[in-house]
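Tertiary structure, described
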Amino acid sequence: MVIFISNFSFSQVNPGSPEYQSLKEQGLIEQPAQVPTPDPAVAILPTETGGRDLNLFVPRDGTFIGPLEGCDDCWYGSDGIWGDFPFDLPFTFCFYGTNYTSFFLNNNGNVSFEGPYQTYTATGFPVTDFGMLAPFWADVVTWDCGSGVIGELYYKIEATRVIVIWENVGYYECGSDKRNTFELIFTNGLDPLIGVGNNVAFSYADMQWTTGDASFGTGGFGGAPATVGVNKGDGVKYALVGRFDHEGNDYDGAGGAADGVSYLDGKYYTFNACEEDVVIPGEVPVSNWALFIGIGLILAFAVIRFRRLV
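Parameters at a glance
Residues numbered from 1 in each chain as written. Predicted model: local features only at pLDDT ≥ 70, side-chain atom pairs only at ≥ 80, totals over all residues. Heavy atoms only, no water. Buried < 20%, exposed > 50% of the residue type's maximum accessible area, 1.4 Å probe, protein only. Helix = DSSP H or I, 4+ residues; strand = E, 2+ residues; numbered from the N terminus. Pairing = 2+ DSSP bridges. Salt bridge = Lys/Arg side-chain N within 4 Å of Asp/Glu carboxyl O. 1 Å grid on protein atoms, 1.4 Å probe; cavity = no way out; pocket = protein on both sides within 12 Å on 5 of 7 lines; lining within 4 Å. Points joined across faces, edges and corners; volume = space filled by probe spheres on them. Nonpolar A, V, L, I, M, F, W, Y, C, P; charged D, E, K, R; others polar. Arc of directions from axis to C-beta. Phe/Tyr/Trp six-rings, centres within 6.5 Å; stacked < 30°, edge-to-face > 60°. Contact = heavy atoms within 4.5 Å. Core = buried A, V, L, I, M, F, W, Y, C linked by side-chain atoms within 4.5 Å.

1. Let's talk about the pairing of strand β6 (residues 132-137)
Of all the six residues making up β6, six are buried; the element is thus mostly covered by neighbouring parts of the structure. Bridging between strand β5 (residues 110-112) and β6 involves two bridges; their strand directions are antiparallel. Paired with Val111 across the two strands is Leu133, which belongs to β6. The pairing of β6 with strand β12 (residues 226-231) spans four bridges and is antiparallel. By the bridge assignment for β12, Trp137 is matched with Thr227.

Dropping the structure here:
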């Protein structure tokens, strides 16, 4: 059996093997170069800015499947961990104009459609080759480091939606002092749960870390920032909430400097990722917001000038 390795990894070593872990600990697993965020950045704006007491939009209950077998840099398909076969969708998911009927669930905080994705050092967006929904792309671990399991992964597939929860997950290698809990929902676009016309949602509870040790982080921070957003995979189309590399609530938008991960606490994002330009609630493509703002400023200036003349 040929083990799938992402285009960004030079090695054909099974990421579940001791050899892979030895190479990773030594920093010998090649990772992608960081991608600067275009200016201006294509931004995903929050639907809710908090107030849910750090609860997920859809709390986990007994209807979820999991916890899945713990791991580092693994993926899951319909045949389990390191699966060769994707999960089948009971609906069609539209992503940047392409319809998908299956997906892979990747431990490192994202879902992909063309194949599984194991790369543990997040880059910025846009990147080529891999379309992904990334509620929090970083070096997540859900394994047992000897003192108990660090976090758990759950999912459920329903008639019109998929919900995935990364619950109390730690960071590589055995970072259990800080934990993250976040959620991805993607739908057929007609599911009222996240609003008809939207087909993706990100939801966050308590977010405490950003970076694993193998991504040049120390104590869960620094190094390569975590990436939150969606990426078409053509090197052009993308949308970002932002990149995060430190503690704190500071946030200067989707572009600019990396932000404080606690900014995400209690946030909820819904949007339509089907169109060529990601659409936030209100049906205005985020890439057109500058145009709308500019027109508004021009009209306001014209009104002021008219009043002065009369």
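Following the structure, the description resumes.
2. Here we look at the pattern of salt bridges
Close approach of charged atoms lets side chains of opposite charge pair. Per the stated rule, a full pass over the model turns up 11 salt bridges. Put simply, Asp139 and Lys24 hold a salt bridge, and the shortest N to O gap is 2.9 Å. Separated by 115 residues along the polypeptide, Asp139 in the loop between β6 and β7 (140-141) and Lys24 in helix α1 (residues 18-25) bring together distant segments of the chain. One exposure class covers both Asp139 and Lys24, and it is buried. When the shortest N-O distance is used, the salt bridge between Asp177 and Lys178 registers 2.8 Å.

3. Some details on empty space enclosed by the protein
Inspection of the entire model under this criterion finds one cavity of 30 Å³ or more. Tallied by class, the residues present in the lining of the largest cavity amount to six nonpolar, five polar and one charged.

4. Brief notes about α1
The complete set of buried residues in α1 reads Tyr20, Gln21, Leu23 and Lys24. Within α1, the buried residues cover an arc of 160 degrees as seen down the axis, which keeps them to one side. Across from the buried face of α1, at angles greater than 90 degrees, the exposed residues are Pro18 and Glu19. At the exit of α1 stands Gly27, carrying a positive phi of roughly 75 degrees.

5. Things to note about the packing of aromatic side chains
Here the structure, examined in full by the defined rule, presents 24 aromatic pairs. Residues Phe136 and Trp209 carry aromatic rings whose centres are separated by 5.8 Å and whose planes lie at 90 degrees to one another, so their mutual orientation is edge-to-face. You can see Phe136 sitting in strand β6 and its partner Trp209 sitting in the loop between β11 (200-207) and β12, a full 73 residues away along the chain. The pair Phe136 / Trp209 is uniform in exposure class, with both members buried. Here Trp166 and Phe182 contribute two aromatic rings whose centre-to-centre distance is 4.9 Å and whose plane-to-plane angle is 15 degrees, an arrangement assigned as stacked. In this pair, Trp166 sits in strand β9 (residues 161-171) while Phe182 sits in strand β10 (residues 175-187), placing the two residues 16 residues apart along the sequence. Overall, the relative accessible area of 0% leaves Phe182 in the buried class.

6. Some points on the side chain of Ser102
With respect to the helices, strands and loops of the structure, Ser102 is situated in strand β4 (residues 98-106). For Ser102, the residues in contact, after removing those within four places along its chain, are Pro86, Phe87, Asp88, Leu89 and Phe113.

7. What to know about the nonpolar core
Core analysis: the largest hydrophobic core is formed by 63 residues, its most contacted members being Leu105, Phe136, Phe186, Phe202, Val230 and Leu264. Counting residues in hydrophobic clusters, the runner-up holds 11 residues, among them Tyr154, Ile163, Ile194 and Tyr268.

8. Quick notes on unusual backbone geometry
Geometrically, the link from Gly66 to Pro67 is a cis peptide bond, its omega value of 5 degrees lying close to zero. With respect to the element layout, Pro67 can be found in the loop between α1 and β1 (75-77). Residue Glu173 is reached from Tyr172 by a cis peptide bond, and omega for that bond is 10 degrees. Position of Glu173 relative to the elements: it lies in the loop between β9 and β10. With phi around 55 degrees, Trp82 is a residue other than glycine that occupies positive phi space. Residue position: Trp82 is located in the loop between β2 (80-81) and β3 (87-95). Residue Trp82 is classed as partly exposed on the basis of its relative accessible area of 23%. In this model, Tyr96 sits at a positive phi of 50 degrees, which is unusual for a non-glycine residue.

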